[in-house]
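Read off the chains here:
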Amino acid sequence: STILFVSCSAKTYPVDHEQLSEDERIVIRFSHVVGEDTPKGLASRRFAELVEERTDGYVEVQVFPNSFLYKDGEELDALLDGDVQMIAPATSKVSSIVPEWQVMDLPFAFDSELEAKEYISSPAGEVLKKKLEQKGMYYLSYWDNGFKQMTNKHHSLQDPKDFKDVTFRIMESELLEEQFKLLGANSQVETFDQVFSVLEKGHVQAQENTFSNIVNKNIHSVQDYMTVSNHGYLGYLVIMNADFWEDLPDEVQMIILDVLEEVTEWQAELAKQVNQDKYKTLVDCNCMKIHQLSETEKKQWEEALNPLYDTYIERFGAEYIEYIPKLKQ
Ligand code: LMR
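Everything numeric here is computed off the predicted structure, so don't read it as measured data. (Residues numbered from 1 in each chain as written. Predicted model: local features only at pLDDT ≥ 70, side-chain atom pairs only at ≥ 80, totals over all residues. Heavy atoms only, no water.)

Some thoughts on the overall build of the chain
Note the threshold: Numbering of helices and strands runs from the N terminus, with a helix taken as a DSSP run of H or I at least four residues long and a strand as a DSSP run of E at least two residues long. The globule rule is 2.2 Å times the number of residues to the power 0.38, and the radius of gyration it is compared with is taken over C-alpha atoms. Every residue pair with non-hydrogen atoms within 4.5 Å of one another is taken to be in contact. The Shrake-Rupley method, run with a 1.4 Å probe, gives the accessible areas here. Residue values count only the displayed protein chains as cover. Under this rule, positive means Lys or Arg and negative means Asp or Glu; His and the chain ends count for nothing. Throughout, a charge is located at the NZ atom of Lys, the CZ atom of Arg, the CG atom of Asp or the CD atom of Glu.
A count of helical and extended segments in the chain gives twelve helices and eleven strands. Taken against the 2.2 N^0.38 rule, which gives 20 Å for 329 residues, the C-alpha radius of gyration of the chain at 21 Å falls within 12% of a compact globule. Over its C-alpha atoms, taken along the principal directions, the chain stretches across nearly 65 × 45 × 30 Å. Relative to all contacts within the chain whose residues are 6 or more apart in sequence, the contacts with residues 24 or more apart total 74%. Just so you have it, the chain exposes about 14500 Å², and 46% of that area is on carbon and sulfur atoms. On the chain, the mean spot of the 31 positive side-chain charges and the mean spot of the 59 negative ones are 6 Å from each other.

A closer look at the pattern of salt bridges
As a reminder, the rule being used: Throughout this description, the term salt bridge denotes a Lys or Arg side-chain nitrogen within 4 Å of a carboxyl oxygen of Asp or Glu. In this scheme, a residue with accessible area under 20% of its type's maximum is buried, one over 50% is exposed, and one in between is partly exposed, where area comes from a 1.4 Å probe on protein chains only.
Tallied over the entire structure, the rule returns 20 salt bridges. For the salt bridge of Arg169 with Asp72, the shortest nitrogen-to-oxygen distance reads 3.9 Å. Pair noted here: Arg169 is in strand β7 (residues 167-170) and Asp72 is in the loop between β4 (59-64) and α2 (74-81), with a separation of 97 residues, a long-range link. The exposure classification of Arg169 matches that of Asp72, with both residues buried. Each member of the salt-bridge network shares a partner with another, and the members are Asp72, Lys93 and Arg169.

Remarks on unusual backbone geometry
Its identity as a non-glycine residue notwithstanding, Asp165 has a phi of 65 degrees, on the positive side. Positionally, Asp165 belongs in the loop between β6 (137-152) and β7. Here the phi dihedral of Asn230 falls at roughly 45 degrees; this positive angle occurs in a residue that is not glycine. Within the secondary structure, Asn230 sits in strand β10 (residues 225-241).

Regarding the state of the cysteines
Applicable threshold: Here, two cysteine sulfur atoms that lie within 2.5 Å of each other are counted as a disulfide.
One pass over the structure, following the stated rule, counts one disulfide. Here Cys285 engages in a disulfide with Cys287; their sulfurs sit 2.0 Å apart. Across the S-S bond linking Cys285 and Cys287, the dihedral sits near -70 degrees, which makes this disulfide left-handed.

Section: the site of the ligand
Quick reminder of the rule: Residues are counted as near a molecule or strand when any one of their heavy atoms sits within 4 Å of it. The nonpolar class holds Ala, Val, Leu, Ile, Met, Phe, Trp, Tyr, Cys and Pro. Asp, Glu, Lys and Arg form the charged class, and all remaining residues, Gly among them, are polar.
The full set of residues close to the ligand is Val33, Val34, Lys40, Ala90, Lys93, Arg169, Met171, Phe192, Asn209, Asn213, Leu234 and Tyr236. Burial of the ligand by the surrounding chains reaches 99%, relative to a free accessible area of 270 Å². Considering only residue class, the shell around the ligand consists of seven nonpolar, two polar and three charged.

Comments concerning helix α4 (residues 113-120)
Note the threshold: Working note: the arc is built from the helix axis to C-beta atom directions.
Every buried residue of α4 is accounted for by Glu115, Ala116, Tyr119 and Ile120. Viewed end-on, α4 has its buried residues packed into an arc of 145 degrees, placing them on one side of the element.

Quick word on the packing of helix α1 (residues 39-54) against helix α10 (residues 250-284)
Which entries qualify depends on this criterion: Only C-alpha atoms enter the line fits that serve as axes; for helices the fit covers just the stretch in contact. Angles between N-to-C directions range over 0 to 180 degrees. Geometric relationships in this document are graded by angle, where less than 35 degrees denotes roughly parallel, more than 145 denotes roughly antiparallel, 65 to 115 denotes roughly perpendicular, and other angles denote oblique. It is the rotation of the near helix from the far one that decides the hand of a crossing: anticlockwise by less than a right angle makes it left-handed, clockwise makes it right-handed.
At a closest axis distance of 9 Å, the pairing of α1 and α10 adopts a crossing angle of 150 degrees. Judged on the interaxial angle alone, α10 and α1 are roughly antiparallel. Here α1 and α10 pass one another in a crossing that is right-handed. Along the contact surface, α1 presents Pro39, Lys40, Leu42, Ala43, Arg46, Phe47, Leu50, Val51 and Arg54, while α10 presents Ile255, Ile256, Val259, Leu260, Glu262, Val263, Trp266, Gln267, Leu270, Ala271, Val274 and Asn275. Class assignment of the residues belonging to the contact of α1 with α10 gives a composition of 15 nonpolar, two polar and four charged.

Examining the nonpolar core
Quick note on the threshold: In this text, buried Ala, Val, Leu, Ile, Met, Phe, Trp, Tyr and Cys residues form a nonpolar core when linked through side-chain atoms within 4.5 Å.
In terms of nonpolar packing, the biggest core is built from 82 residues, with Phe47, Leu106, Trp143 and Ile256 touching the most fellow members. Counting 16 residues, the second-largest nonpolar core is a separate cluster that includes Val33, Val198, Val204 and Ile214.

Remember, this is a structural readout, not a statement about activity or role.
Written as C-alpha cells, this is what we have:
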C-alpha cells in the first residue's frame, strides 16, 4: 500500500504509522560483532532509537550485537545477500571485498582519530567509498573505535625481536598478516567471537586490539602482557545493502543521513571516553604487566614495518597512500 508522508516543521513522517503492519513498516536489520558496551554497540543502539523516534516508528532498526546473527565475514555476505540491511565492520574486514581498504591497516599511519577521519574524507577516501558501492555496499558513515595495542601471553613485546615466533590472532587482512611476518611472528585469522577461546586454548599466544575490545572479550584474563603501542587504527565502515538503500523513500534516506551525522559526531567523543575507561579497567585489574612503548622503541617498530608502505604501493598504487596526513607534501 502507499505510505503518505506529511511535512511537519522540518520533519517528514508517515501518517497513521501505528496502523501499519510489519510488512508496511520498514525494518532495518543491523548486525555487528561486538558487545553493547562498546563504541559500536552504543552507537548502533542510539542510531536505532533516533531513527525510530524521527520516523514515528515507521522505520524500525533491529540491532543484533555480539555476532548473534553473523560472525565476521559472514556479515558481509549477509549484507550482500540482503539477509541484513546494515553492518559496521572494521575497515580491515571490508578489505576482503575491496582490498584497497587495507590502507587503514598501515602501521603508524595516523596519529589521531581526527587524522583517520581526514583520510576517509580525502579524495582517496572518496574513491574507496565508490569501490564499496560498485560491490553493492552503500557507504553511510565512518565510526571510531580507537588505537590497537599489543597483548601477549608469555613475555612483554618491546623490541621488534620480541615478536619472533609468537602467533597472533588477526582480523582478515593481508596487510595485517604481512605486518606480523615482518616482525618474525606468525598470524592466524580468527573471527572476533573466537578470540577469547583461541587465546585461552593456547592456539595463538597474542593479539592486537583496542582497550575497548580487549575488555569486551575479557582478553586480559588470558593475556599477561600488554604494550600500549597505538600502532594501528581501528575504525568502522557503516554500510547498507546498496539496493535496499536505493529503494528507501527519499524522506527516509534524509532522516537516516541526518541521524547518522549526529550519531557519528556523538560517537567520536564516546569512543575516546570508552577506550579511556577500559584502559583504566585494565590498569586497575592488575592482571597484565603494562608497558608504554617508548619513542626509541616506536622508531624501531616503524623501521621494521616500513616496507609495508612499499608493498601497499606496489599492489594498489601510490594514489591511496599520498593522502595519509603525515605523507602529504
Ligand atoms: C576485531 O575483530 O578484532 C574487531 O574488528 C571487532 C570489532 O568489530 O571491533
